[in-house]
There are 2 protein chains.
Amino acid sequence: MPENKVDKKLEVIQIEENVMQENDQIACEVRDIFQKHGIYAVNLISSPGSGKTTLLVETLTSLKELIPCAVIEGDQQTSNDAQRIAATGVPVVQVNTLQSCHLNALQIKKSLDHLPIDKIRLLFIENVGNLVCPASMDLGENEKIVLMSVTEGEDKPAKYPLAFLKSQLLILTKIDLLPHLRFDKELCKKYARQINSRLEIIETCSYSKEGISAWIDYLLLKAGPRP
Amino acid sequence: MPENKVDKKLEVIQIEENVMQENDQIACEVRDIFQKHGIYAVNLISSPGSGKTTLLVETLTSLKELIPCAVIEGDQQTSNDAQRIAATGVPVVQVNTLQSCHLNALQIKKSLDHLPIDKIRLLFIENVGNLVCPASMDLGENEKIVLMSVTEGEDKPAKYPLAFLKSQLLILTKIDLLPHLRFDKELCKKYARQINSRLEIIETCSYSKEGISAWIDYLLLKAGPRP
């Protein structure tokens, strides 16, 4: 019986590796599509309710006249977020992942069929709200960006390290709430940089627009002006 | 090739079913242990940073003189939360799930070896911060309880329905922040009860202690006084 269990475990690990390999292969195809069409793609990762969509709506409103954008929205259920994005006039595809807690590369590849990829320069992929699994999944993106609301507590980088390790930028959201919280911002940044010493950090509030111009500058520097 | 792909997919589904069946079998064993020892177990599920540990510390401080408690802490990394719980004097076991985004029944079964199960009447299982996968996983608990901070937005029940469907109670946390937020509490409750019409709801603030006595009454009613 113990031998059987080991066999089963090995089999499960093998299948998981196959699934990841298949995803990575499709992610490479997606990356090729992005490169061919001159698209810069960012994969936004955070807990549910950190303010990804609100920030995105604010970002698109300022950015859409400067660079052609599009959005792929990942949610377990509903098209609430896609509707909020669509109201900005930017092309958007909603992917409902149902039982799954993250987007995968195949969903991105299929979504591209529904977007005007010849015209897009900057693609936002809003992942399912989850700090764990999306960090392990290559979607073919140019970079992962982790968002964290200041209401979530300083220790999130230490408790969910992979998302912070794999990202190039941390966006601290909802900083207007700082006066009402027991949140040590410098300690949070210290934890984040212990995980990833090269992590850039931008502080934002989507309502007061604090930090939005720094975030837009960051995106324009990465995605460049339209050729 | 397409046939191969289908085979592979079926194989993955079969393995996933086996993993779930194996978990459910161990969950039954765990449930038997709880019943035999008169332990009432609650499985706390939420996004990262919703305030599970802070609420738990506050709860244990009030509750530990009334009923013998213990805690199993699930985190991807660190023992920060277990240390905070241990400071209350209540027995605690930390489980680090590493790559996994949820606790499983085997981890609970093994944790029980490190707890004085003959003396415990009420066991809190604090799951990994994740609103998706923990909802599908039976840990042998008597009930799942979903927590949600009012900073997370009204639509979380609609976007992550399973956690709200599988729970008997929703705890709305951080209600002291309501005056500073654009959060429609009644709309949130409406969404939650559209998913689960029998869901009980308690509003709490761990710092001001608002709602803590209602939550403690709820637990004592479920777990009963010591015989």
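Peer 1: Any chance you could explain the interface of chain B and chain A here in plain terms?
Peer 2: Where interface size is given, it is often the accessible area lost as the parts come together that is meant. Across the boundary between the two partners, chain B contributes 41 residues, which contact 41 residues of chain A. Of the roughly 3500 Å² buried where chain B meets chain A, counting both sides, 58% is carbon and sulfur surface. Counting the contacts that link chain B with chain A gives four salt bridges. Of the charged contacts in the structure, one is a salt bridge between A:Lys159 and B:Asp75, with a shortest N-O distance of 3.5 Å. Where the side of chain B that touches chain A is concerned, the elements lending two or more residues are helix H1 (2-36), helix H3 (80-86), helix H5 (156-159) and helix H6 (161-165) of chain B. In terms of residues, the side of chain B that touches chain A owes the most to one element, H1(B), which gives eight residues. Residues that form the side of chain B that touches chain A fall into these classes: 16 nonpolar, 13 polar and 12 charged.

Peer 1: Looking at this structure, I do not really get the environment of A:Asp217. What am I missing?
Peer 2: Residues and elements named next belong to chain A. With respect to the helices and strands, aspartate 217 occurs in helix H8 (residues 212-223). Exposure remark for aspartate 217: the relative accessible area of 48% places this residue in the partly exposed category. The spacing of aspartate 217 and threonine 78 is 139 residues in sequence and 31 Å in space, taken between C-alpha atoms.

Peer 1: How should I be thinking about the sheet that holds strand S5 (residues 143-149) of chain B in this particular structure?
Peer 2: Within a sheet, neighbouring strands are paired by backbone hydrogen bonds and run either parallel or antiparallel to one another. All names here are of chain B. Taken in spatial order, the seven strands of this open sheet run S3-S2-S4-S1-S5-S6-S7, and their pairing is parallel. Pairing within the sheet leaves two strands with one partner each, and these edge strands are strand S3 (92-96) and strand S7 (200-203). Strand-to-strand twist of the sheet, defined as the mean angle between neighbouring strand axes without regard to direction, takes the value 20 degrees. Inspection of the sheet shows S5 paired to strand S6 (residues 167-173) by six bridges, in the parallel sense. Bridging from a neighbouring strand, valine 146 pairs with leucine 170 of S6. Strands in contact with helix H2 (residues 52-63) are strand S1 (40-45), strand S2 (69-75), strand S4 (122-126), S5 and S6; relative to S4, the strand with the most contacts, it is inclined by about 165 degrees.

About the criteria used
- Position numbers for residues start from 1 in each chain and track the written sequence from start to end.
- All chains are assigned letters beginning at A, and all ligands numbers beginning at 1, according to the order in which they are written.
- Reporting of local features is limited, given that this is a predicted model, to residues whose pLDDT is at least 70; pairs of side-chain atoms are given and counted only at 80 or more, and all residues count toward the totals for whole chains, interfaces and linings.
- Only heavy atoms go into the side-chain values, all of them from the structure, while hydrogens and water stay out.
- Working rule for contacts: check all heavy atoms of both residues, and any pair within 4.5 Å makes them a contact.
- When two parts are brought into contact, each loses some accessible area as probed by a 1.4 Å sphere; the total of that loss over both is the buried area.
- In the sections that follow, a salt bridge refers to a side-chain nitrogen of Lys or Arg positioned within 4 Å of a carboxyl oxygen of Asp or Glu.
- Runs of E in the DSSP output that reach at least two residues are strands. Runs of H or I that reach at least four are helices, and both are numbered from the N terminus.
- Polar here means any residue outside two lists: the nonpolar Ala, Val, Leu, Ile, Met, Phe, Trp, Tyr, Cys and Pro, and the charged Asp, Glu, Lys and Arg; Gly therefore counts as polar.
- Note on classification: 1.4 Å probe, protein chains only; a residue is buried when its accessible area is under 20% of the maximum for its type, exposed when over 50%, partly exposed between these limits.
- Any two strands are treated as partners once DSSP identifies two or more bridges connecting them.
- Axis lines are fitted through C-alpha atoms, for helices just across the contact stretch, and the angle between N-to-C directions can take any value from 0 to 180 degrees.

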